[in-house]
Amino acid sequence: MLQAEPAFRSHPFDDDKLKEECGVFGVIGVSDAANFVALGLHALQHRGQEAGGIVSHDAELGFNSARRFGYVRDNFTKASLMETLPGPLAIGHVRYSTSGSKGPTQLRDVQPFFGEFSMGGAAIAHNGNITNANALRRELIDRGSIFQSSSDSECIIHLMARSLQRNIPERMKDAPRRVEGAFSVVAMTRTKLIGVRDPLGVRPLVLGQLGDGWVLSSETCALDIIGAEFIREIEPGEMVVINRDGVESHKPFAAARSRFCIFEHVYFSRPDSILGGRSVYETRRQIGVELAREAPVEADLVCPVPDSGTPAAIGFSQESGIPYAMGIIRNQYMGRTFIESTEQIRNMGVRLKLNVNRALIRGKRVILVDDSVVRGTTSRKIKDMILDAGAAEVHFRIASPPTAWPCFYGVDTPEREKLLASSMSTDQMCEHLGVDSLKFISLDGLYRAVGEAAGRDPDAPQYCDACFSGEYPVAPADMLANGFQLKAAE
């Protein structure tokens with residue numbers, strides 16, 4: 001049922017952060033698979049908070065689906081709803097809109113998408129962004145396809161429908177060959193669970209085992225919540241087809257050098273997940289260590305900007321010897337609707353979510369560690385709060401390089417001119433923010449923190465770092481057609 005108003009509204013604090021992409025989860029071979037999917041989506045909620053959906057299949061009742069706006073906990077924990085999603089096979093999706101309608105305004109844009117083919121139905125859930133979606137959409141519409149949503153992900157269903165391959169898994173191999181950009185897809189037929197990663201492996205996808213059943217997930221933390229064993233990551237360019245007989249692996253794409261999104265390590269993934277065999281928490285702590293080595297400063301306290309700056313702040317403190325302290329406290333119970341009541345309350349902005357520990361901060365030289373600076377509006381407000389609490393000095397240390405370029409691979413990034421680093425040097429940003437010093441980790445330092453001891457290979461970068469470097473591993477065809485200018489060759 002469509003809702004007249006969104007389930008929640010974004011808060012000003014959140015508007016100055018890069019928005020998470022989406023999360024996908026699938027289970028096969030267990031009773032009431034949709035219940036496990038709901039738990040998995042709950043663990044992936046950080047990847048998308050606008051909406052969620054689940055499709056299940058039962059041998060007698062066929063395919064069933066439920067799509068809702070808002071949090072998983074507010075929808076998919078109700079017995080009355082979950083009883084409508086029976087069967088041993090289910091997939092799910094949590095959404096933050098990086099394409100299609102922005103905000104929770106169109107239920108038709110909520111995944112998973114379902115299609116009925118001559119050989120049976122199939123549903124797909126997609127994390128990432130298709131960079132040639134506009135061109136594909138025009139082509140498909142010209143050939144008679146009728147789109148139900150504004151999401152780029154629906155292109156995959158239509159490509160599957162027009163494929164000449166003999167069965168759905170083969171069509172699932174065929175369709176992504178026309179797709180450019182980043183995609184980790186979890187799909188299902190009546191009897192199979194399918195996972196596909198794009199050739200560069202930009203977005204994550206992992207395989208787990210749950211008793212005699214199998215699980216596909218965006219992150220390992222979602223395996224933990226259902227007690228599944230982490231088996232391995234789906235490889236870049238790999239497609240797995242899972243049924244009652246086990247897991248089949250296919251390589252439908254030409255081999256390519258992996259370019260996993262480095263910002264997954266910095267911010268998007270949960271700190272208790274494992275990426276590329278590395279603890280996300282440990283990587284973020286090591287970022288703080290590298291940052292302390294690259295940008296030391298005399299101070300009294302190292303304080304994280306909650307919550308994403310916490311592991312890096314711990315690493316900075318450990319390396320520098322400056323005490324770690326919770327100088328800013330996050331209100332974990334702040335609602336997202338009452339704040340719209342009056343203009344005066346809306347203007348309180350960050351103070352509704354964060355509060356300064358005044359007794360700790362007063363008279364101190366404070367190092368604030370945050371994950372990124374996007375527009376800079378939140379950083380300025382936090383700096384003002386720290387100074388209002390009586391801090392003697394405020395120094396910002398940022399656990400990523402300057403974000404100067406938009407992402408077109410599944411992250412909702414502001415237009416380039418709205419990114420502070422696109423038009424200002426670090427010194428200019430420091431002056432703009434009004435802090436005593438501002439330093440970002442270097443790109444080489446970030447690479448060292450994720451395990452590349454020699455730093456970034458400029459001739460063949462090991463990760464996708466386009467938001468920092470402006471070097472896009474896949475040309476953003478639709479954006480280029482709309483006039484986007486790539487970085488000039490040096």
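What you see is a predicted model, and the numbers here were worked out from it, not measured in a lab. Residue positions within a chain follow its written sequence, with the count starting from 1. Note on the predicted model: pLDDT of at least 70 is required for a residue's local features to be given, and 80 or more for side-chain atom pairs to be given and counted; whole-chain, interface and lining totals, by contrast, use all residues. Based on all heavy atoms of the structure, the side-chain values leave hydrogens and waters out of the count.

K.L.:
Any chance you could explain the pairing of strand S20 (residues 365-370) here in plain terms?
P.N.:
Along any regular strand the residues' side chains alternate between the sheet's two faces. For every residue, the accessible area obtained with a 1.4 Å probe (protein chains only) is divided by the maximum for its type, and the residue is called buried under 20%, exposed over 50%, and partly exposed between those limits. In this text, helices come from DSSP runs of H or I with a minimum length of four residues, and strands from runs of E with a minimum of two, each type numbered from the N-terminal end. Within S20, five of the six residues are buried, which leaves it mostly tucked inside the rest of the structure. Only when DSSP finds a minimum of two bridges between them are two strands counted as paired. Both strand S17 (residues 301-304) and S20 contribute to a ladder of four bridges, which runs parallel. Pairing of Leu301 across the sheet is with Val366, part of S20. Running through helix H12 (residues 377-388), the crossover from S20 to the neighbouring parallel element strand S21 (residues 393-398) is right-handed. Here the term right-handed applies to a crossover when the path leading from its first strand over the helix to its second strand runs clockwise, the strands being oriented away from the viewer.

K.L.:
How should the pairing of S21 be read in this particular structure?
P.N.:
By the criterion of burial, S21 is predominantly enclosed, with five of the six residues buried. As paired strands, S20 and S21 are joined by six bridges and run parallel to one another. In the strand pairing of S21, Val366 is matched with Val394. Direction of pairing for S21 relative to strand S22 (residues 437-440): parallel, over a ladder of four bridges. Its bridge partner lying in S22, Ile398 is registered against Phe440.

K.L.:
Just checking my understanding: could you explain empty space enclosed by the protein for this structure?
P.N.:
With a probe scaled to a water molecule rolled over the atoms, the places where space remains empty come into view. Here a cavity is any set of points on a 1 Å grid over the protein atoms alone where a 1.4 Å probe fits but cannot get out, and a pocket is any open set with protein on both sides within 12 Å along at least 5 of 7 lines; a residue lines the site when it has an atom within 4 Å of a point. Grid points are joined across faces, edges and corners, and a volume is the space filled by probe spheres set on the points. Enumeration over the complete set of coordinates arrives at five cavities of 30 Å³ or more. Within this model, the largest cavity holds a volume of roughly 90 Å³. Lining the largest cavity are 13 residues, and of these Cys261, Phe263, Cys407, Val411 and Cys467 sit closest to its centre. Elements represented by at least two residues in the lining of the largest cavity include exactly helix H7 (263-268) and helix H15 (466-469). When its residues are assigned to classes, the lining of the largest cavity shows 11 nonpolar, one polar and one charged. Think of it as three bins: nonpolar holds Ala, Val, Leu, Ile, Met, Phe, Trp, Tyr, Cys and Pro, charged holds Asp, Glu, Lys and Arg, and polar takes everything else, Gly as well.

K.L.:
Help me out: how do you make sense of the confidence of the model for the chain in this one?
P.N.:
Parts of the model with low pLDDT should not have their predicted coordinates read in detail. Note: pLDDT gives the predictor's confidence per residue, expressed from 0 to 100. In this model, the chain carries an average pLDDT of 89, and 90% of its residues clear a pLDDT of 70 or more. Contacts of residues 1-14 to residues separated by more than four positions or lying in other chains number 37 contacts, the stretch itself having pLDDT below 50. Scored below 50 in pLDDT, residues 98-104 shows 26 contacts in the model against residues more than four places distant or in partner chains. Residue contacts are counted whenever heavy atoms from the two residues lie within 4.5 Å of one another.

K.L.:
In this structure, what is going on with unusual backbone geometry? I would like to understand it.
P.N.:
Trans is the prevailing form of peptide bonds, just as negative phi is the prevailing case for residues other than glycine. With an omega dihedral of 5°, the bond running from Gln111 to Pro112 counts as a cis peptide bond. The amide bond that connects Pro306 to the next residue, Asp307, takes the cis arrangement and shows omega of -10°. Relative to the elements of secondary structure, Asp307 occurs in the loop between S17 and helix H9 (310-320). Even without glycine at this site, Asp32 takes up a positive phi of about 55°. Take Asp32: it is sitting in the loop between strand S1 (22-28) and helix H1 (33-43).

K.L.:
Even after reading the chapter, I still don't get the packing of helix H3 (residues 133-142) against helix H4 (residues 154-162), so can you show me in this structure?
P.N.:
A packed helix pair is summarised by two numbers, namely the angle formed by the two axes and the spacing between the axes. Closest axis-to-axis distance for the H3/H4 pair is 10 Å, and the angle between their directions is 45°. Between H3 and H4, the interaxial angle falls into the category oblique. For the pair H3 and H4, the crossing hand works out as left-handed. Residues Ala133, Leu136, Arg137 and Leu140 of H3 form the contact with H4, whose own contacting residues are Cys155, His158, Leu159 and Arg162. Angles shown run from 0 to 180 degrees and are taken between the N-to-C directions of axes, each axis being a line fitted to C-alpha atoms and, for helices, limited to the stretch in contact. Reported orientations rely on four angle classes, namely roughly parallel under 35 degrees, roughly antiparallel over 145, roughly perpendicular from 65 to 115, and oblique for the rest. With the far helix as reference, a near helix turned anticlockwise by less than a right angle produces a left-handed crossing, and one turned clockwise produces a right-handed crossing.

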